[in-house]
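Here is what each chain is made of, one letter per residue.
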Amino acid sequence: MRITAKRNKHNETYMTLKKQEAITGYLLIAPNIIGTLIFVILPLILTLLLSFSKWDFIKGLYGLEFVGLDNYKRMMSDPKVWEALKNNLFFSFTQIPVTVILALIISSVMYKYVYMKTFLRTIYFIPFITSWVSASLVFKALFEPQSGPVNSFLKALGVSNPPGWFVDMNWSMISIIILTIWHTVGYYMVILLSGMQSISQELYESAKIDGANAWQRYFRITLPLLTPSLFFIFIMSMINSLKVFDQVAVATQGGPGTSSYVLVYAIYDYAFNFFDMGYASAIAWLLFVVILVFTLVQWKGQDKWVNYDV
């Protein structure tokens, strides 16, 4: 009886301690959960509800009117939205490959042939921590068509009619891409360089003994073992490229015409210039679906890509 009583008392004490640990854990994560509910989940629900409504927020709740699927039907026939989606896709499928290839080249050169890696890595990383507003304003000044340093240099080289860059319909999106590559390539370079430094040197030595040359070692050892880092980069760069806004808002405001008009800028334009929050919410959900589709496609190929045999 005494043994049973002691066991019951021990079990009660153990359960009390477990409950206290659980309560402490819940209290510690409560701020994060509350913040996520208020700033993520609730806005998502409200945006979904607004996408089925017409609302001029200047009029307050009295300006709210349920319209069903009208916003989505309107979006399907809105040329500005489709132009924005086309520009987004052009931006993504141009900027991402160029940025990743440049990051691979720079990280490979730094890993093999450059001294003072820590110092240079910091220098390359500085653009990434620079504000988009500051970077965009500087690039607008550098690429100013009439008196900017870039066009002045091109004229000195004999180019009689240099591009108009941010104010040219044919060059505005390319200018945004150049700015974005400059801003982000250092970040991806740091990730890839860290991945290269974590690869065991024994693999390279074994491959060298077996007669593999430098290119074979790079393509059969370095790149396959960098696939987790590359996968992370492609996922993040795809999401960020589809959400591009800051550099467009500062440098071109979606123009000239709709040449650099993208989906997030369309959301901003319809919401805060035309005060059509319902329609802007519908475009936001279109963007959400596009990002979700591309992310799922990339995740689908994750196992085959990341588990590539060396």
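Residues numbered from 1 in each chain as written. Predicted model: local features only at pLDDT ≥ 70, side-chain atom pairs only at ≥ 80, totals over all residues. Heavy atoms only, no water.

Peer 1: For this particular structure, what's the right way to read the overall build of the protein?
Peer 2: Within the protein, the secondary structure is distributed over 14 helices and two strands. Computed over C-alpha atoms, the radius of gyration of the protein comes to 26 Å, more than 25% over the 19 Å expected from 2.2 N^0.38 for 310 residues, which places it beyond the range of a compact globule. Along the longest, intermediate and shortest principal axes, the C-alpha atoms of the protein span 100 × 75 × 35 Å. Out of the 310 residues belonging to the protein, those deemed buried represent 38%. For the protein, long-range pairs separated by at least 24 residues make up 68% of all intrachain contacts whose partners lie at least 6 apart in sequence. Of the roughly 18900 Å² that the protein leaves accessible, carbon and sulfur atoms contribute 68%. (Helix = DSSP H or I, 4+ residues; strand = E, 2+ residues; numbered from the N terminus. Rg over C-alpha atoms; globule rule 2.2 N^0.38 Å. Buried < 20%, exposed > 50% of the residue type's maximum accessible area, 1.4 Å probe, protein only. Contact = heavy atoms within 4.5 Å. Areas by Shrake-Rupley, 256 points an atom, 1.4 Å probe, with all protein chains shown as cover.)

Peer 1: Is there a simple way to explain helix 8 (residues 201–209) in this structure?
Peer 2: Side chains that are three or four residues apart share a direction in an α-helix, a result of its 3.6 residues per turn. The N-cap of helix 8, judged by a side-chain oxygen 3.3 Å from the amide nitrogen of Glu202 a few residues on, is Ser200. Taken from the residues just after helix 8, Gly211 is the one with a positive phi, measuring 100 degrees. (Polar contact = N/O pair within 3.5 Å; in protein donor to acceptor, adjacent residues only side chain to side chain.)

Peer 1: Hey, could you run me through the packing of aromatic side chains in this one?
Peer 2: In this description, an aromatic ring pair is defined by two values, namely the gap between the centres and the angle between the planes. All chains considered together, the criterion is met by 22 aromatic pairs. Ring geometry for Phe143 and Trp165: centres 4.8 Å apart, planes at 80 degrees, overall edge-to-face. Separated by 22 residues along the polypeptide, Phe143 in the loop between helix 5 (132–142) and helix 6 (149–156) and Trp165 in the loop between helix 6 and helix 7 (172–197) bring together distant segments of the chain. Since its relative accessible area comes to 10%, Phe143 is described here as buried. The class of Trp165 is buried, set by a relative accessible area of 8%. Counting every residue linked through ring pairs, the aromatic cluster contains Phe139, Phe143, Trp165, Phe166, Trp171 and Trp182. In this arrangement the basic side chain of Arg74 is found over the ring face of Tyr279, its NZ or CZ atom lying 3.7 Å from the centre. Across the ring face of Tyr204, the terminal group of Lys112 is positioned such that the distance to the ring centre comes to 5.7 Å. (Phe/Tyr/Trp six-rings, centres within 6.5 Å; stacked < 30°, edge-to-face > 60°. Lys NZ or Arg CZ within 6 Å of the ring centre and 35° of its normal.)

Peer 1: Looking at this structure, how should I read the side chain of Thr295?
Peer 2: Among the secondary structure elements, Thr295 is positioned in helix 13 (residues 277–300). The residues touching Thr295, leaving out its near neighbours within four places in the chain, are Ile235 and Ile239.

Peer 1: Help me understand the packing of helix 9 (residues 214–225) against helix 10 (residues 227–242), please; the structure alone is not making it clear to me.
Peer 2: Helix-helix packing is characterised by the crossing angle of the two axes and by the distance between the axes. Between helix 9 and helix 10, whose axes approach to 5 Å, the crossing angle comes to 55 degrees. Judged on the interaxial angle alone, helix 10 and helix 9 are oblique. Judged by residue contacts, Leu223, Pro224 and Leu225 of helix 9 engage Thr227, Pro228 and Leu230 from helix 10. Taken together, the residues of the contact of helix 9 with helix 10 break down into five nonpolar, one polar and no charged. (Axes fitted to C-alpha atoms, helices over the stretch in contact; angles between N-to-C directions. Parallel < 35°, antiparallel > 145°, perpendicular 65-115°, else oblique. Nonpolar A, V, L, I, M, F, W, Y, C, P; charged D, E, K, R; others polar.)

Peer 1: Would you mind going over the pattern of salt bridges with me for this structure?
Peer 2: For side chains bearing opposite charge, pairing can occur when the charged atoms are close. Here the structure, examined in full by the defined rule, presents three salt bridges. Put simply, Arg74 and Asp276 hold a salt bridge, and the shortest N to O gap is 2.8 Å. Taken together, the residues Arg74 in helix 2 (residues 70–76) and Asp276 in the loop between helix 12 (263–273) and helix 13 connect sequence positions 202 residues apart. By relative accessible area, which is 7% here, Asp276 ends up buried. (Salt bridge = Lys/Arg side-chain N within 4 Å of Asp/Glu carboxyl O.)

Peer 1: I tried to follow unusual backbone geometry on my own but got confused; where do I start?
Peer 2: With glycine set apart, most residues show a phi of negative sign, and most peptide bonds adopt trans. Following Gly255, the chain continues to Pro256 via a peptide bond in cis, the omega torsion being -10 degrees. Turning to its location among the elements, Pro256 is positioned in the loop between helix 11 (246–251) and helix 12. Although it is not a glycine, Trp165 sits at a positive phi angle of roughly 55 degrees. If you check the backbone angles, Gln253 has positive phi at about 55 degrees while not being a glycine. One can find Gln253 in the loop between helix 11 and helix 12. Of the residues examined, Gln253 reaches a relative accessible area of 42% and is grouped as partly exposed.

Peer 1: Could you clarify how one ought to interpret the packing of helix 8 against helix 9 in this entry?
Peer 2: It is at 10 Å that the axes of helix 8 and helix 9 come closest, and there the two elements cross at 160 degrees. One way to sum up the angle between helix 8 and helix 9 is to call them roughly antiparallel. Read as a crossing pair, helix 8 and helix 9 show a hand that is right-handed. Packed against helix 8, whose contacting residues are Leu203, Tyr204, Ala207 and Lys208, the element helix 9 presents Arg217, Ile221, Thr222 and Leu225 at the interface. A class-by-class count of the residues in the contact of helix 8 with helix 9 yields five nonpolar, one polar and two charged. (Left-handed = near helix turned anticlockwise from the far one by under 90°.)

Peer 1: Which parts of the structure should I look at to understand the environment of Gln95?
Peer 2: Structurally, Gln95 is set in helix 3 (residues 79–113). Overall, the relative accessible area of 3% leaves Gln95 in the buried class. Residues Gln95 and Lys80, 15 residues apart in the sequence, show an inter-C-alpha distance of 22 Å. The residues contacting Gln95, other than those within four sequence positions of it, are Ile177, Thr180, Ile181, Thr184 and Ser241.

These figures capture arrangement, not role.
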